[in-house]
Amino acid sequence: MGRIMTRYFKMSLLHYMTNPYLWFWAIIFMSFWAAMSAYVFSKGIPPEYMSYQFASAFGQLLILCVGSIGIAIVQSLYYSSFSVRFITKFSKLDSKRFYIEHFLSTISALIIFSLVLWLIQLFFYYLKFSEVYLPEKPIGMALALMLSVCFIYVFSVFTAYLTICLRKPAISMLVSYAPLMLGFVAYAAFWVDFKKLSLLLPFYLISALTYYFYVDQKPFTGDIIGNIRYQLEHYGQVKEGAILEPSLAIISMIIWIIGLSALCIFLIKRAKGVSIEELQF
Amino acid sequence: MLRIEDLKAGYGREVILENVNVEFKRKTLLLGPNGAGKTTLFRTICGLTKKLSGKIMINHTDLDRVEGTPGLIVANIPEIYRLLYFVPAYNLARLYLDLLEGDMGLFIEITSKFGLDEEFLRKRKLFQLSAGQLKVVLNAITLATNARVKLFDEPFEQLDPKRKDILIGYLENDKNTLIVSTHETWLIKKLSARSWDVAFMFEGKIHGVLPLEKLLNAYLFFGEKPSALLTVKTSTVTFSITTEPVGKPLSDILSLDYIYKLA
C-alpha cells in the first residue's frame, strides 16, 4: 500500500478513526438506539419476525451512522481547504492523488464504522434473543453497504463544494449537517408512503436496500407501519404498488452516485481552490 | 532564486499588494512593521491567497503551472498544516515531511533542541500546542525540508531569547534561499553579514534588496537624503536608511513598528 499510496491515505484514515466526535455520534449514540431497538422497540414482535426488526433497525441506524460521518467529511473539507491548495501544488500529493486517497480513506472509515455498528447491534440482539441475525444475502449486503458509503461520500463532497461555489459561507455550518438531516427521510418512511418517488430518494433507498438484502424480502415504498398492518389484516397480501423494486433501487443509487460525482468534479473545478474562509473576507 | 513580477494580490476587493517587483537571490530578511503585507506576500507565493495579477517564479519555474512538485517551496504558515485535525503533531510532521520530501530525523533533532521531545509530540495534536510550541513545530518542518525556497513568517515570535539563538543557528546553516519576515530589527546584528540580504516592506510594497553588511552601521533618518541607501515613502512618513551618522542607528530601534511612533 505504501508504494501505491502516499502516507496521506493512512493518516487520513487514522484521522477519522481517532475522531472522538465520530465515535460518539456514529457509534455510541447509534448503539444506544440499537439497544433500544433490541430491548424496547422489539416488544410484541413474534420471534420469527425478529430478523425483520433487526434488518429494519440496522437500515435506519446505518444511514444515520454514515450521515454523522458525512458531517465530518464536509467540515474537514472546509477546514483543510487552504492546506489542500498548497499541498496539491508543492508536494507529491497532486490533485488527482489527493482526491483518490481522500476518497479511499473516507470510504474505508465509513465501512469500518458501519461494521462496528453492525457488530454492536448483533451483540445487543444476541444478549436479548440469544440469536445471531446474519444477512440472508451477504454479497448483496456488501453491495448495499458500498452503495451507501459511496453515496454519502459524493453527497458530502458535493455539499461542501456547493457552499463554496454559491459563495455562501454563512450557510456552511447548516449545510454541513445536511447528510445527517436528510438521513431522517428513511425514518419518515415508517409513516409516509413515498410511492414511486421513493426511487428518487437515496437516503430512503439505503435503508430499503439494506433491509432487502438482510432478510431477502422486498421493501415497501414507504408507510412501513401502515403496510405491515395491512399485510397482517389481509393474510400476507400487500397493497398494489407498495413494493419497491430492488433492482430499480440499485440502478437509482448508481445513477445518484455517478451524477453527484460528475457534479463534484464540475464544482471542484469551478471552486478553483477557493476556501470557505476566504469567502468570509 | 525567487522572482516576483508586477504582483497584485488581496482579499476579496481589498488589494493588499500592488506592483510588487523583487528578486530574492539569497537569504533575505524581510523587515516591515505589522500590517505591511509580509504575511499576505508569503500566502500569495504559496498560493493560499489569490493572485490578482503578476508572476511568481522559482528559478525558471512559473508557480502558476506547478502541480504535485515537492522541493520548490515550503513555509511555516499555519494554514498549510491543516490537512488533518485529529492527528498528533508528530504524525502530522511525518505526513508533511513525507509529502514534501523532508527529513524526519532532522525535524526531531530540531524540536528536541527547542525542548519538545518526540514523546510530547506524539501525545499532542497541533491545536493542543501553545503558540510558541506551534511556532517551533512549523519552523522545524520548514527547516527539515530541502525546498529551494523557504519562507519563514515571523519565526521568532513567541520564542524566548535562548530559542531565538538556536533558530538563528539553524537559519545560518541552511543552504537554501530563505526569506525571513519579521519586524524585529535587532536581527541585523545577529545574522551573518556575508550571506544575508535585507528588504523592507511598507504598505504592500517592497523596498530594497540591500546586502546586510551595508546596514550594519546604518541609520534611520526621517526625511529624504540624496546619499541614502534607500528612501521609503509611505502615506504617513518618509525616511531614509543611510550610512551617515544622522538619526537613530537602525539596529537600536528593535522593532520597525516603532517607526511610526518615532516619526
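Above this text you will find the structure in question.
A short tour of the structure in this document, coming up. (Residues numbered from 1 in each chain as written. Chains lettered and ligands numbered in written order. Predicted model: local features only at pLDDT ≥ 70, side-chain atom pairs only at ≥ 80, totals over all residues. Heavy atoms only, no water.)

1. Examining the overall build of chain A
Short version of the rule: In this text, helices come from DSSP runs of H or I with a minimum length of four residues, and strands from runs of E with a minimum of two, each type numbered from the N-terminal end. Only protein chains enter the area calculation, which uses a 1.4 Å probe; residues under 20% of their type maximum are buried, those over 50% are exposed, and those in between are partly exposed. Two residues qualify as a contact provided that any one of their heavy atoms is within 4.5 Å of a heavy atom in the partner residue. Surface accessibility in these figures is a Shrake-Rupley result with a 1.4 Å probe; residues are shielded only by whichever protein chains are displayed. Positive: Lys, Arg. Negative: Asp, Glu. His and the chain ends are not part of the count. Note on charges: their place is set at NZ of Lys, CZ of Arg, CG of Asp or CD of Glu.
Helix and strand content of chain A: eleven helices and zero strands. Along the three orthogonal principal directions, the C-alpha set of chain A runs to about 65 × 35 × 35 Å. Here chain A holds 281 residues, and 54% of them are scored as buried. Residue pairs at least 24 apart in sequence account for 80% of intrachain contacts in chain A once pairs closer than 6 positions are excluded. Carbon together with sulfur atoms contributes 70% to the accessible area of chain A, which is approximately 13,200 Å² in total. Taking the 21 positively charged and 13 negatively charged side chains of chain A as two groups, their mean positions are separated by 15 Å.

2. Overview of the interface of chain B and chain A
Here is the rule we go by: Buried area adds together the accessible area that both of two parts lose upon being put together, with accessible area traced by a 1.4 Å probe. The term salt bridge refers to a pairing of a side-chain nitrogen on Lys or Arg with a carboxyl oxygen on Asp or Glu at a separation within 4 Å.
Facing the 36 residues of chain B at the interface are 32 residues of chain A. Counting the surface lost from both chain B and chain A, the interface buries some 3,200 Å², and carbon and sulfur atoms represent 63% of this. Together, B:Arg82, B:Leu83 and B:Phe86 form the three largest contributors to the area buried by chain B at its contact with chain A, with a combined 22%. Viewed at the interface, chain A and chain B are joined by two salt bridges. With a shortest N-O distance of 3.4 Å, A:Lys92 and B:Asp98 are connected by a salt bridge.

3. Concerning the packing of aromatic side chains
Residues and elements named next belong to chain B. Condition: Centres within 6.5 Å make a pair out of two Phe, Tyr or Trp rings, where for Trp the six-membered ring is used; the pair is then stacked when the planes are under 30 degrees apart, edge-to-face when over 60, and tilted otherwise.
In total, this model carries 39 aromatic pairs over all chains according to the counting rule given. Note on phenylalanine 86 and phenylalanine 127: the rings are 6.3 Å apart at their centroids and 85° apart in plane angle, and the pair reads as edge-to-face. Taken together, the positions of phenylalanine 86 in the loop between β6 (73-75) and α2 (89-99) and phenylalanine 127 in the loop between α4 (118-123) and α5 (131-144) put the pair 41 residues apart, joining distant regions of the chain. For phenylalanine 86, a relative accessible area of 9% gives the class buried. Judged by relative accessible area, which is 39%, phenylalanine 127 ranks as partly exposed.

4. Quick notes on the packing of α2(B) against helix α3 (residues 104-113) of chain B
All names here are of chain B. Keep this limit in mind: Every axis corresponds to a line fitted to the C-alpha atoms, with the helix fit spanning only the stretch in contact, and the corresponding angles, defined between N-to-C directions, vary from 0 to 180 degrees. Roughly parallel refers to an angle under 35 degrees, roughly antiparallel to one over 145, roughly perpendicular to one between 65 and 115, and oblique to any angle outside these ranges. What makes a crossing left-handed is the near helix being turned counterclockwise from the far one by less than a right angle; a clockwise turn instead makes it right-handed. Under the scheme applied, nonpolar residues are Ala, Val, Leu, Ile, Met, Phe, Trp, Tyr, Cys and Pro; charged residues are Asp, Glu, Lys and Arg; polar residues are all the others, including Gly.
Across the interface, α2 lies against α3 with an axial gap of 10 Å and an inter-helix angle of 140°. Classified by the angle their axes make, α2 and α3 are oblique. Considering how the two elements wind past one another, α2 and α3 form a crossing that is right-handed. On α3, the residues that touch Tyr90, Ala93, Arg94 and Leu97 of α2 are Met104, Phe107 and Ile108. Classifying every residue of the contact of α2 with α3 gives six nonpolar, no polar and one charged.

5. Describing the pattern of salt bridges
Under the counting rule described, the total for this entry stands at 19 salt bridges over all chains. With a closest N to O distance of 3.5 Å, A:Arg97 and A:Glu101 form a salt bridge. Here A:Glu101 and A:Arg97 lie together in helix α5 (residues 95-129), a separation of four residues that amounts to about one turn. Note on A:Glu101: relative accessible area 1%, which makes it buried. Across the salt bridge formed by B:Glu224 and B:Lys233, the nearest N and O atoms sit 3.4 Å from each other. Taken as a pair, B:Glu224 and B:Lys233 share a single burial class, namely exposed.

6. A few points about a nonpolar patch on the surface
Residue and element names in this part refer to chain A. For the record, the criterion: Think of a patch as exposed residues, more than 30% relative accessible area, with no salt bridge, where like charges cluster within 9 Å and nonpolar side chains (Val, Leu, Ile, Met, Phe, Trp, Tyr) cluster within 5 Å.
On the surface, Tyr21, Phe24, Trp25, Ile28, Phe29, Phe32, Trp33, Tyr39, Val40, Phe41, Phe123 and Leu127 cluster together into a nonpolar patch covering about 1,200 Å² of accessible area. Per element, the largest residue contribution to the nonpolar patch is eight residues, and it comes from helix α2 (residues 20-39). Summarising the element assignment, phenylalanine 32 is placed in helix α2. Taking the relative accessible area as the measure of exposure, phenylalanine 32 reaches 42% and is therefore partly exposed.

7. Description of the side chain of B:Lys164
Tracing the backbone through its elements, the reader meets B:Lys164 in helix α6 (residues 161-173). Excluding residues within four positions of it along the chain, B:Lys164 makes contact with B:Phe156, B:Leu159, B:Glu184 and B:Trp186.

8. Details of the sheet that holds strand β14 (residues 248-249) of chain B
Paired through backbone hydrogen bonds, the strands of a sheet run either parallel or antiparallel to each other. Residue and element names in this part refer to chain B. Here is the rule we go by: Paired strands, as defined in this entry, are two strands with at least two bridges between them according to DSSP.
One open sheet holds the four strands; their spatial order is β12-β13-β11-β14, and the pairing between them is antiparallel. The open sheet has two edge strands with one neighbour each: β12 (230-233) and β14. Looking at chain direction, β12 and strand β13 (residues 238-242) are connected through four bridges and run antiparallel. Paired with threonine 231 across the bridge in β13 is serine 240.

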